[in-house]
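# Working through the structure, step by step
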Amino acid sequence: DVKVTQSSRYLVKRTGEKVFLECVQDMDHENMFWYRQDPGLGLRLIYFSYDVKMKEKGDIPEGYSVSREKKERFSLILESASTNQTSMYLCASTEVARLTGELFFGEGSRLTVL
Amino acid sequence: QKEVEQNSGPLSVPEGAIASLNCTYSDRGSQSFFWYRQYSGKSPELIMSIYSNGDKEDGRFTAQLNKASQYVSLLIRDSQPSDSATYLCAVNFNTNAGKSTFGDGTTLTVKP
């Protein structure tokens, strides 16, 4: 069964802290994505990766960085968390070979920055 | 103007009725179109995908695509209370990349 696992479901951090959000998929998918979801704004793409050590900026990359050292793992990093980064963060992956574009999502990580 | 727009909600229908959800997109080169369902507090899950003009049916769900009008819709027949959720329309310019642009979502409530 398809599985995308996000390491933390709920996090509370303070302004200025460094935050790591981890995502692991067990489907051998090539492409992985980080979205954030906010009320009234829908899902917005932060970064995506189509291969190990490869990354591309999405629509809202400011204040974020990513790391993909292994195919199955894609990490989102907030170097210095700010209150406007309080949000639900969703990791997703897709298999290129299936040619469907279907995204498989993790359960989400709800981050609160105080 | 947003790239993907969904009809504003919330939408409320009685049990057994047809729920109609609509979505328009701005990029004429878009190749693939998706409807995801998201229950409160959960992550989105794919319920329908459509790639060519016309209708695609899967059980009680029908997706309709009109590329000329840049319009995609989702019909839910015989709506059930368990269909109450937020429905997200997503559009891909490049199917292989899986990089989807999402609408804001329409919240559907099916009343018993």
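What this report covers is the structure whose coordinates are included nearby. (Residues numbered from 1 in each chain as written. Chains lettered and ligands numbered in written order. Predicted model: local features only at pLDDT ≥ 70, side-chain atom pairs only at ≥ 80, totals over all residues. Heavy atoms only, no water.)

What follows is about the overall build of chain B. The secondary structure content of chain B amounts to zero helices and 11 strands. Mapped from its N terminus to its C terminus, chain B presents α and β elements in the order β-β-β-β-β-β-β-β-β-β-β. Rg of the C-alpha trace for chain B: 13 Å, near the compact-globule value of 13 Å for 112 residues, within the 12% margin. Principal-axis analysis of the C-alpha atoms places the extent of chain B at approximately 40 × 30 × 25 Å. About 5,200 Å² of surface is accessible on chain B, with carbon and sulfur atoms providing 47% of the total. Of note, chain B has its 10 positive side-chain charges centred 3 Å away from the centre of its 11 negative side-chain charges. (Helix = DSSP H or I, 4+ residues; strand = E, 2+ residues; numbered from the N terminus. Rg over C-alpha atoms; globule rule 2.2 N^0.38 Å. Areas by Shrake-Rupley, 256 points an atom, 1.4 Å probe, with all protein chains shown as cover. Lys, Arg positive; Asp, Glu negative; His and termini not counted. Charge placed at Lys NZ, Arg CZ, Asp CG, Glu CD.)

As a further point, take the interface of chain B and chain A. Of the residues lining the interface, 21 residues belong to chain B; the matching set on chain A comes to 22 residues. At the boundary of chain B with chain A, total buried surface from both sides reaches about 1,700 Å², with 52% on carbon and sulfur atoms. In this assembly, chain B and chain A are joined by zero salt bridges. When contributions to the side of chain B that touches chain A are tallied by element, the ones reaching two or more residues are β4 (32-38), β9 (85-92) and β10 (100-102) of chain B. No other element matches β4 of chain B, which puts three residues into the side of chain B that touches chain A. Class assignment of the residues belonging to the side of chain B that touches chain A gives a composition of eight nonpolar, nine polar and four charged. (Contact = heavy atoms within 4.5 Å. Buried area = accessible area lost by both parts, 1.4 Å probe. Salt bridge = Lys/Arg side-chain N within 4 Å of Asp/Glu carboxyl O. Nonpolar A, V, L, I, M, F, W, Y, C, P; charged D, E, K, R; others polar.)

All names here are of chain A. Strand order in the open sheet formed by four strands is β1-β3-β8-β7, and the pairing between neighbours is antiparallel. This sheet does not close on itself; its edge strands, each paired only once, are β1 (4-6) and β7 (65-70). Between one strand axis and the next, the sheet turns by 20° as a mean value, whatever way the strands run. In this structure, β1 lies alongside strand β3 (residues 19-25), joined through three bridges in antiparallel fashion. Bridging across to β3, T5 finds its partner in V24. (Pairing = 2+ DSSP bridges. Axes fitted to C-alpha atoms, helices over the stretch in contact; angles between N-to-C directions.)

Right, let's talk about the sheet that holds strand β7 (residues 61-66) of chain B for a bit. The strands making up a sheet associate through hydrogen bonds between their backbones, and the pairing can be parallel or antiparallel. Residues and elements named next belong to chain B. Taking strand neighbours across the sheet as the criterion, the five strands line up as β1-β3-β8-β7-β6 in an open arrangement whose pairing is antiparallel. Sheet topology places β1 (4-6) and β6 (54-58) at the edges, where each strand pairs with a single neighbour. Strand-to-strand, the axes of this sheet are offset by a mean angle of 15°, without reference to chain direction. Across six bridges, β7 lies against strand β8 (residues 71-76) in antiparallel orientation. Residue pairing for β8: T62 is matched across the bridge by L75.

Looking now at the pairing of strand β6 (residues 54-57) of chain A. Within a regular beta strand, the side chains point alternately toward one face of the sheet and then the other, so they alternate between its two faces. Residues and elements named next belong to chain A. For strand β5 (residues 42-51) and β6, the ladder comprises three bridges, and the chain directions are antiparallel. The residue bridging F48 from the neighbouring strand is E56, located in β6. Turn length for the β5-β6 hairpin, with the two strands adjacent in sequence and antiparallel, is two residues, and the turn residue K53 shows positive phi of about 65°.

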